Amino acid sequence: MPFVDVRSQYAEVRGTLDPWVSEILETGAYVLGKHNRALEEEVARWHGVRHGIAVNSGTDALRIMLDAAGVGQGDEVITTAFTFVASVEVILQAGARPVFVDIEAAGFMLDPSLVERAITERTKAIMPVHLFGQLADVEALVQTAQSHNLLLLEDAAQAIDSSHNGVFAGNFGAAAGLSFYVTKNLGAAGDAGMILTNDDEIAEKSRSMRVHGMGRERYYYDYVGYTSRMDELQAAVLRAKLARLREWNARRAELAAIYTEELQGTPVRTPQVLPGNNHTWHQYSVVAPKRDELQAFLKENGVDSMVYYPVPLHFHKPYRHLAAGPGSLPVTEEIAASILSLPVHPHLSDDQVRYAAGKVREFYGA
Ligand SMILES: Cc1ncc(COP(=O)(O)O)c(C=O)c1O
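Enquirer: How do you make sense of the packing of aromatic side chains when you look at a structure like this?
Expert: Think of a pair of aromatic rings as described by two things: how far the centres are apart, and how the planes are tilted against each other in angle. A full pass over the atoms with the stated rule returns nine aromatic pairs. Plain terms: the ring middles of Phe297 and Phe363 are 5.7 Å apart, the flat faces sit at 45° to each other, and that makes the pair tilted. With Phe297 in helix α9 (residues 291–300) and Phe363 in helix α11 (residues 350–364), the pair connects residues that are 66 residues apart, well separated along the chain. Chaining the aromatic ring pairs together yields one cluster made of Phe3, Phe82, Phe108, Phe132, Tyr308 and Tyr309. A cation sits over an aromatic face here: Arg246 above Trp46, 4.3 Å from the ring centre.

Enquirer: Is there a simple way to explain the packing of helix α2 (residues 34–47) against helix α8 (residues 232–262) in this structure?
Expert: Packed helices, taken two at a time, are described by the angle between their axes plus the distance between the axes. Contact geometry for α2 and α8: axes closest at 8 Å, N-to-C directions at 35°. Crossing angle aside, the handedness with which α2 passes α8 is left-handed. On α8, the residues touching Lys34, His35, Asn36, Ala38, Leu39, Glu42, Val43 and Trp46 of α2 are Glu232, Ala235, Ala236, Leu238, Arg239, Leu242, Leu245 and Arg246. Partitioning the contact of α2 with α8 into residue classes produces nine nonpolar, two polar and five charged.

Enquirer: How should the domain arrangement of the chain be read in this particular structure?
Expert: It is common to give the size of an interface as the accessible area lost on bringing the parts into contact. Annotation of the chain at the domain level lists domain 1 (6–239) and domain 2 (244–364). Computed over C-alpha atoms only, the centres of domain 1 and domain 2 are separated by 24 Å. Taken together, the 42 residues of domain 1 in the interface contact 38 residues of domain 2. Buried area between domain 1 and domain 2, summed over both chains or domains, comes out near 3,800 Å², and the portion from carbon and sulfur atoms is 59%. For the interface between domain 1 and domain 2, the tally reads two salt bridges. Of the charged contacts in the structure, one is a salt bridge between Asp161 and Arg246, with a shortest N-O distance of 3.3 Å.

Enquirer: What am I meant to see in the nonpolar core here?
Expert: For soluble globular proteins, nonpolar side chains are generally found buried alongside one another. Phe82, Phe180 and Tyr259 are the most contacted members of the largest nonpolar core, which totals 78 residues. Looking at which domains feed residues into this core, each of domain 1 (6–239) and domain 2 (244–364) gives three or more. Grouped together as the second largest cluster of nonpolar side chains are 24 residues, Leu66, Ala69, Val77 and Val90 included.

Enquirer: Looking at this structure, I do not really get the side chain of Asp5. What am I missing?
Expert: Within the secondary structure, Asp5 sits in the segment before α1 (6–27). It is Arg7 that comes nearest to the buried, bridge-free Asp5 among opposite-charge side chains, at 6.1 Å. In this structure the side chain of Asp5 is engaged in a polar contact, spanning 3.4 Å, whose partner is the backbone nitrogen of Arg7. In terms of polar contacts, Asp5 uses its side chain to reach the side chain of Ser8, at 2.5 Å. If near-sequence neighbours (up to four positions away) are discounted, Asp5 is found in contact with His345 and His347.

Enquirer: Mind showing me how you'd approach the layout of surface pockets here?
Expert: It is a probe the size of a water molecule, rolled over the atoms, that shows where empty space is left. Approximately 530 Å³ is the volume attributed to the largest pocket. In terms of lining residues, the largest pocket is bounded by 28 residues, among which Phe84, Tyr181, Thr183, Lys184 and Tyr309 are the most central. The set of elements that each furnish at least two residues to the lining of the largest pocket consists of α3 (58–69) and α4 (86–93). The element contributing the most residues to the lining of the largest pocket is α3, with three residues. A class-by-class count of the residues in the lining of the largest pocket yields 14 nonpolar, 11 polar and three charged. Three or more residues apiece are contributed to the lining of the largest pocket by two domains, here domain 1 (6–239) and domain 2 (244–364). What the second largest pocket holds in volume is close to 300 Å³. Split into classes, the residues belonging to the lining of the second largest pocket amount to four nonpolar, four polar and seven charged.

Thresholds applied
Residues numbered from 1 in each chain as written. Predicted model: local features only at pLDDT ≥ 70, side-chain atom pairs only at ≥ 80, totals over all residues. Heavy atoms only, no water. Phe/Tyr/Trp six-rings, centres within 6.5 Å; stacked < 30°, edge-to-face > 60°. Helix = DSSP H or I, 4+ residues; strand = E, 2+ residues; numbered from the N terminus. Lys NZ or Arg CZ within 6 Å of the ring centre and 35° of its normal. Axes fitted to C-alpha atoms, helices over the stretch in contact; angles between N-to-C directions. Left-handed = near helix turned anticlockwise from the far one by under 90°. Contact = heavy atoms within 4.5 Å. Nonpolar A, V, L, I, M, F, W, Y, C, P; charged D, E, K, R; others polar. Domains from an automatic or database assignment. Buried area = accessible area lost by both parts, 1.4 Å probe. Salt bridge = Lys/Arg side-chain N within 4 Å of Asp/Glu carboxyl O. Core = buried A, V, L, I, M, F, W, Y, C linked by side-chain atoms within 4.5 Å. Buried < 20%, exposed > 50% of the residue type's maximum accessible area, 1.4 Å probe, protein only. Lys, Arg positive; Asp, Glu negative; His and termini not counted. Polar contact = N/O pair within 3.5 Å; in protein donor to acceptor, adjacent residues only side chain to side chain. 1 Å grid on protein atoms, 1.4 Å probe; cavity = no way out; pocket = protein on both sides within 12 Å on 5 of 7 lines; lining within 4 Å. Points joined across faces, edges and corners; volume = space filled by probe spheres on them.

Laid out in C-alpha cells, this is it:
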C-alpha cells in the first residue's frame, strides 16, 4: 500500500497531457509560455485572488514572497518549528530571524494565543504554516497581525484548495506560497510553486524577481532577483491535473472519513478539522502512542506510513540558536514524537484503507 501513486494520476490525465507535452517540445516554448499564464490564472481564480505568479518551487515561492513583501535584514518573523525546513530556511536567507512559537494540539499549527507575547519592535511578519491540508487559525492570526500592523504571510505549500468559511489561502494576508512538489495534492513532475496575492505591488515585484529582478525592459534590472521560472512542461502537467483536483480531494475526504470511523476505540487520536475549515487531506496524521513500533508493524504488513516531522526544527544544528533547547516548545516536541501519517492518496480503495486501519487496531489489540 504505497504512500503516493503518481502513476495512477498520470494514467487519468495522459489523454490531455500527452498532446500538450508534444506540442511544447515541438514548438520550443519551454519557459513562461501559454500554459504558465493559464495555470497562473486558473489557480488564482480557484483561490479567488488577483494574482498567481508561477515559480520553480514552493521554497522559491516563499523566498520571493518574503522579499517582495519587504521582509529583510533585522526583521523577525513569527512562525512554527513544526514544519518542513523550507518554511524557516527562507526566513534566514532573507536576512530575518525566525521566532518560534509553539503549536496548538488540535491541528498542530501556530498557536495564536502565544503569538502576541512573541511580538517585539522588530517583528515584521507572522507566517503560519497551513499543515496537512487545512488552514491555521486564520481568524485569530489576521486579527493579531492587523492590531499590531504586521504582515501576515501564509505558507500554503500543503494547502491548495483548503479554505476557511469558504475563503481560500492567499486571501488572509499579504501573500501565500503554494508548492506543487510531486507528492502534493496538485503535484508536478518535478519542482514547481506559486505565489498568490491580492497586492499588485507584491505581484509585480515577484514577477520581476523570478527573472533576476528584470524590469519591463529586457536586460534592465530593478531588483537583485533569482532564476525561478516555472518550466512550461510542469505548467502543462499541473493544468492537466488541476482539472482532476476537486475530484481527487473529494476522494481523499472519503478515505479520511473511513479512517476516522475505523480508528474509533483505538488509542490513536484521529485528526481534527478546525472550526470553519475545509480540509483537503494532504496528510491523514494521527497522534499514536508507541508510534515507532506501530510504524514498523504497519511496514511488516505492507502499509507505508510517514512521520511528518520527526525532529522539530529547533533541534537541528542550523536552527538550534533560535530556541532555548529541549522543552522550549513542549507541544511541538510532544507531537513530533507521536505523529504518524497514514496513506490517503486518492487512488486507494476503501478496502485498502480499511485494511490499514485494521492493522492499526490489531497493533493495539483494539
Ligand atoms: C510546509 C512546507 N513549506 C514549504 C515547502 C517547500 O516546497 P517545495 O518542496 O516545493 O520547495 C513544503 C514542501 O515540501 C512544505 O511542505
